[in-house]
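Chain and residue survey
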Amino acid sequence: MASISRLPNGKYRPRYRDERGKEHARHFDRKVDAQRWLDEVTAAVVTGTYVDPGAGRQTFAEYYAEWSARQVWAPGTESAMSLAARSTTFADVRMRSLRRSHVEHWVKSMVSRGLAPGTVHTRTNNVRAVLRGAVADRVIPRDPSEGIALPRRRRAAAAMALPTPAQIGAILEAADGPFRAFVGLCAFAGLRLGEAAAVRVGDVDFLRRTLTVARQVQRAPGGTIELRAPKYGSERQVYLAPSLVDLLARHVAAHCPEGTWLFTGDACQPPHQNTVGHRWRTTLAAAGLSGVKLHDLRHFYASGLIASGCDVVTVQRALGHASATTTLNTYSHLWPTAEDRTRRAAEELFADSCGLGADSATSTSR
């Protein structure tokens, strides 16, 4: 219901009722202005973008507290979202007063403090989730952070460090007895740190040469650990190389007399991530290497699968990525390009046509 009436003082009073039956009205000197305002409101109602003029009185911090209480999050996600919300410079600004400039100022402050581009992107995306929630709740008409400029991140090809086989061999040689199998799981099965730390002896099927990834270790308050489902729900079965199975079998025989956890820390529980980090740094120093991260072993495994001709879906499943898009975004630069495939196909044609082996054809073409 909408109408425009002229008051005795000559002003025009447009009014309408919202979906809850509440009446809203304004006063204008000109009827054309009153009609324009009423048309804008009507268009917002029709397109589903209408926001109650009285909404948005909450500050960002107040809205986040209310909104976050309704979300279904894993503990790690909850911590990351809370950290991002607390880091904003507009926590005390009313939601309806939020402007693009507020978000830009916050992003610039993070960059000025020297935060890594990836961190800035992650925190901004987390806060944008809150703002999109406010749009969906019709607390604000639009997301003020949409389209803001963020610091440029390094391309995956430039940022990713791939250890060489020789470096992996040196690390394995330098690792002490119990830790050697841990390195093996990361380098030759692609497990994340938390996944490798949470492996039970029963997760390894030595006969079928498979490993079931069913849980992960995460930090908990007070220096303790928590066992949770794998990241992004990436429960999976990994097919193990025979040599890795042999390494795990020797490890179980020597270090797992009770046959529970494959690796142990304090009180016969899985090792804390800090403990694993200390062992990794000690092993790296003993191998005479620096700058290699434990997570780089996962990249090493992925690169080996790709070099052996595995397709995207195979690599995705082996690594436990949530989607093939994640795999491509991370490792697309490692797959052979169209030029590589064209040259290889032409080389094979040349060899077949000339009755030469591939090596002979290559020598001739040179």
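The protein has the name Site-specific recombinase XerD in an unreviewed UniProt entry, where Blastococcus colisei is given as its organism. Under Sequence similarities (unreviewed entry), UniProt gives the following word-for-word description of the protein: "Belongs to the 'phage' integrase family."

**Observations concerning the domain arrangement of the protein**
Each domain of the protein was delimited in the assignment, giving domain 1 (2–47), domain 2 (60–137) and domain 3 (165–308). Taking only C-alpha atoms into account, the centre of domain 1 sits 67 Å from that of domain 3.

**Here we look at the sheet that holds strand E2 (residues 12–17)**
The strand order across the open sheet built from three strands is E1-E2-E3, with neighbouring strands paired in antiparallel fashion. The open sheet terminates on both sides in strands that have one partner only, identified here as strand E1 (2–6) and strand E3 (23–25). This sheet shows a mean twist of 25° between the axes of neighbouring strands, independent of strand direction. Relative to E2, E1 runs antiparallel, the two being bridged by five bridges. By the bridge assignment, Ser5 is partnered in E2 with Arg13.

**Remarks on the nonpolar core**
Core analysis: the largest hydrophobic core is formed by 50 residues, its most contacted members being Phe182, Leu185, Leu191, Leu240, Leu262 and Trp280. Residues contacting Leu191, with those up to four places away along its chain left out, are Leu185, Cys186, Ala196, Val199, Leu211, Val213, Arg236 and Val238. Formed by 23 residues, the second largest nonpolar core is a distinct cluster that contains Tyr64, Trp106, Ile140 and Ile148.

The rules behind each value
Residues numbered from 1 in each chain as written. Predicted model: local features only at pLDDT ≥ 70, side-chain atom pairs only at ≥ 80, totals over all residues. Heavy atoms only, no water. UniProt positions renumbered as here; feature names shortened; annotations may be inferred. Domains from an automatic or database assignment. Pairing = 2+ DSSP bridges. Helix = DSSP H or I, 4+ residues; strand = E, 2+ residues; numbered from the N terminus. Axes fitted to C-alpha atoms, helices over the stretch in contact; angles between N-to-C directions. Core = buried A, V, L, I, M, F, W, Y, C linked by side-chain atoms within 4.5 Å. Buried < 20%, exposed > 50% of the residue type's maximum accessible area, 1.4 Å probe, protein only. Contact = heavy atoms within 4.5 Å.

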